[in-house]
Structure formats: structure tokens, C-alpha cells
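Coordinate analysis (summary)
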Amino acid sequence: MQKTVCITGATSGFGRACAERFAAEGWRLVVTGRRVERLEELRGQYGAVPIHAVGLDIRDLGAVEAMVRDLPEGFRDIDVLVNNAGLALGLEGAHRASLADWESMIDTNIKGLCYLTRCLLPAMVARNRGHIVNMGSIAGTYPYPGGNVYGATKAFVKQFSRNLLTDLIHTKIRVTNIEPGLSESEFSIVRFHGDKDKADSVYKGTQPLRPVDIAEIVHWVTTVPPHVNICTVEVMPVCQSCGPLAVHRESGSGE
Ligand code: NDP
Ligand code: 8X3
């Protein structure tokens, strides 16, 4: 039977690569994002694949509810929700960071992800079938300077994923949290508010993960036998590792 996947943030990066991966396997796609022209381009690229494209800002609960309510015939039974849409904004220390950026990250990475989950979950429970794949991050586990609220939103995603599993223990629904490390997409361009040079410097001299690497993992976790739940996938490029714990030594140089 042809399955249906709903992917948030399918206009770029991981989401776009996931859409292409699932389309290549003949799944039905519900793709969302704010840049509708990119969704239309995706639809054009896969003319033979059933694709329902919805311009959606996941911070808008009313719009999320309407999207779910108005799913057309043939797209209503969502087998897999990929809660991918998200962003980091800024890399300033907590005492300098923009509160508006913090709010944006909380509204998108936490509240938007909750809206999609809460609106699509009842139908999954009713069918006793489904899979929620959340896009967490290594930033939800390992702190780094300037990661303050972004990392905290991904820590929420980690714990929310675990708690969903406990609530759904009586069902066959699966929940997976994918936690990628350094990956090249539009992520850093967004983080640095469009500063492409600054974004490029993040990846300079490295071989980061690619969106296709993440899409391959998302596809894999959703296609293992139905009694298997891959709870967490932590994935970094080979060039990345964890740092030591920091110790500040007085140097007399101030900050
Ligand atoms: P991109 O910036 O390339 O893609 C982000 C996607 O999220 C876009 O499609 C964007 O669509 C969508 N999005 C952002 N805000 C909203 C919103 N309010 N409503 C709807 N869609 C939104 O980044 P990535 O592909 O790298 O990021 C995807 C996810 O992976 C994010 O959750 C990110 O935190 C996470 N991640 C990224 C890592 C990395 O290093 N790149 C590592 C670990 C996790 P549009 O702008 O069209 O709305
Ligand atoms: C993105 C990975 O390390 O830049 O979630 O925060 S990191």
C-alpha cells in the first residue's frame, strides 16, 4: 500500500532532501514550508508522485489546524510525520542575544513542533499506526557558546520525543529523535540573518553532513520492521567531536 509522509520545512535542506528521498520511493507527500514557490518547484520535479503542497508557518496554530482539517482525500492518513522545520538564530552570548530571536526559536522549534504533533496524533492513534520523526540536534545534548536557547529547544525535542513514546506505549506508533551535528544547508545562512560569508566560514575546511545523509537516516528509521523503534539517532560528520569541559582561568584581560 502506498504510504503518506508529511514533512515540515520541505523547502530547503533536510526537509527538501527527505521529500526527494520519499518521492523516489513512491510515497505520497504532504510538504509544507513558508516559501510556496519552492514547494511548487518540488511538485514540478516529481510530476508522477502525488504531492500535496501547503504554504504553512508552523508558528500559526490556526493554520496548522486548517492544514490538517483540509487534507484532501488520499492524503488524510499520514503514516509518517517528519517534524523537521526549525531554525537557529544568532550565536551571541545569553547576555547579548536578541529576545526576538529567542522567541522565534521557541515558537518554531518547540511550539510549532507541538502543534503539528498534537493535530496529527489523534488520527494516528485512531488507526493505531504512525511514526513521528522529530528533528532534534546534538545541540540538545552538548552545550556550546552561543547555543543557549537553540540548544534548549532541541533538548525539549529530545525529552518530548521520549515522553511521547511513554504516552503511546499502548499503540503501535513509533517516535524517533534524529540528532544531527554539523550539516551544510541553509541553516547557518538563517542563523546569521543572511550573512553568506559568515555562514560559509562555519563549514570551511570541514566535510559536514549533507541533507541527503540525513534523509537516508530518516527513510531508514521509517522502513525498519514495524516492531522496531529507533528511538534516537545521534549523527556527526567524522570531522566533529565533543570538546573538553571548559575551565576559565583569570588572565586579567576582562571578559
Ligand atoms: P534549512 O534552513 O535549510 O531548512 C529549514 C526549513 O525549516 C526550511 O524549509 C524552512 O522553510 C523551514 N522553516 C523554518 N521556520 C519555519 C516556520 N516558521 N514555518 C514553517 N517552516 C519553517 O535548515 P536545515 O535543513 O539544516 O534544518 C532542518 C532542521 O534540522 C531544523 O529543525 C534544524 O534545527 C535541524 N538541524 C540542523 C542541523 C544543521 O547543522 N544544519 C543540525 C541539527 C539539526 P521556510 O523558510 O520556507 O518556511
Ligand atoms: C545544528 C547543529 O551544532 O550547529 O543543530 O547547533 S549545531
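Quick look at the structure, then. Think of each chain on its own: its residues are numbered from 1, step by step along the sequence as written. Whichever chain is written first is A, and whichever ligand is written first is 1; the rest continue in order. Local features in a predicted model are, by the rule used here, given only for residues with pLDDT of at least 70; side-chain atom pairs are given and counted only at 80 or more, and totals for whole chains, interfaces and linings are based on all residues. The basis for every side-chain value is the complete set of heavy atoms in the structure, and neither hydrogens nor water enter the calculation.

Examining unusual backbone geometry
With phi around 50 degrees, N128 is a residue other than glycine that occupies positive phi space. To qualify as a helix, a DSSP run of H or I must reach at least 4 residues; to qualify as a strand, a run of E must reach at least 2; elements of each kind are numbered from the N terminus. Tracing the chain through its elements places N128 in the loop between α4 (99–127) and β5 (131–135). Buried residues are those whose accessible area, probed at 1.4 Å on protein chains only, stays under 20% of the maximum for their type, while exposed residues exceed 50% and partly exposed ones sit between those limits. You can call N128 partly exposed: its relative accessible area is 32%. Here H193, not a glycine, exhibits a phi torsion of approximately 50 degrees, which is positive. Residue classification places H193 among the exposed residues on the basis of a relative accessible area of 53%.

What to know about the site of ligand 2
Neighbouring residues of ligand 2: S137, A139, Y144, Y150, F187 and R191. Nitrogen and oxygen atoms within 3.5 Å of one another constitute a polar contact, given that in protein one can donate a hydrogen and the other can accept it, and given that sequence-neighbouring residues count only through two side-chain atoms. At 2.5 Å, a side-chain N or O of S137 approaches an oxygen atom of ligand 2. Within the side chain of Y144, an N or O atom sits 2.5 Å from an oxygen atom of ligand 2. Values of accessible area rely on a 1.4 Å probe in the Shrake-Rupley scheme; residue burial ignores everything except the protein chains shown. Here ligand 2 loses 83% of its free accessible area of 240 Å² to cover by the protein chains. For this purpose, a residue is taken to be near a molecule or strand whenever a single non-hydrogen atom of the residue falls within 4 Å of it.

Observations regarding the site of ligand 1
With respect to spatial proximity, 29 residues lie near ligand 1, and among them T11, S12, R34, Y150 and S185 are the closest. For ligand 1, an oxygen atom lies 2.7 Å from a polar atom in the side chain of Y150. With respect to ligand 1, the side chain of K154 contributes an N or O atom lying 3.0 Å from an oxygen atom. Protein contact buries 96% of the 870 Å² of open area that ligand 1 shows by itself.

A closer look at the sheet that holds strand β2 (residues 28–33)
Spatially, β3-β2-β1-β4-β5-β6-β7 is the arrangement adopted by the seven strands of the open sheet, whose pairing is parallel. The sheet is open, and its two edges are formed by β3 (51–55) and β7 (232–235), each paired on a single side. Taken over all neighbouring pairs, the strand axes of this sheet differ in orientation by 15 degrees on average, direction set aside. Two elements, strand β1 (residues 4–7) and β2, share four bridges in a ladder whose sense is parallel. Residue V5 lies in a different strand from β2, and its bridge partner there is L29. It only takes one pair of heavy atoms within 4.5 Å for two residues to be counted as in contact. Simply put, an axis is a line fit to the C-alpha atoms, just over the touching stretch for a helix, and the angle between two N-to-C directions goes from 0 to 180 degrees. Sheet contacts for α4: β1, β4 (80–83) and β5; angle to β4, the most-contacted strand, approximately 175 degrees. By this definition, two strands are paired if DSSP reports at least two bridges between them.

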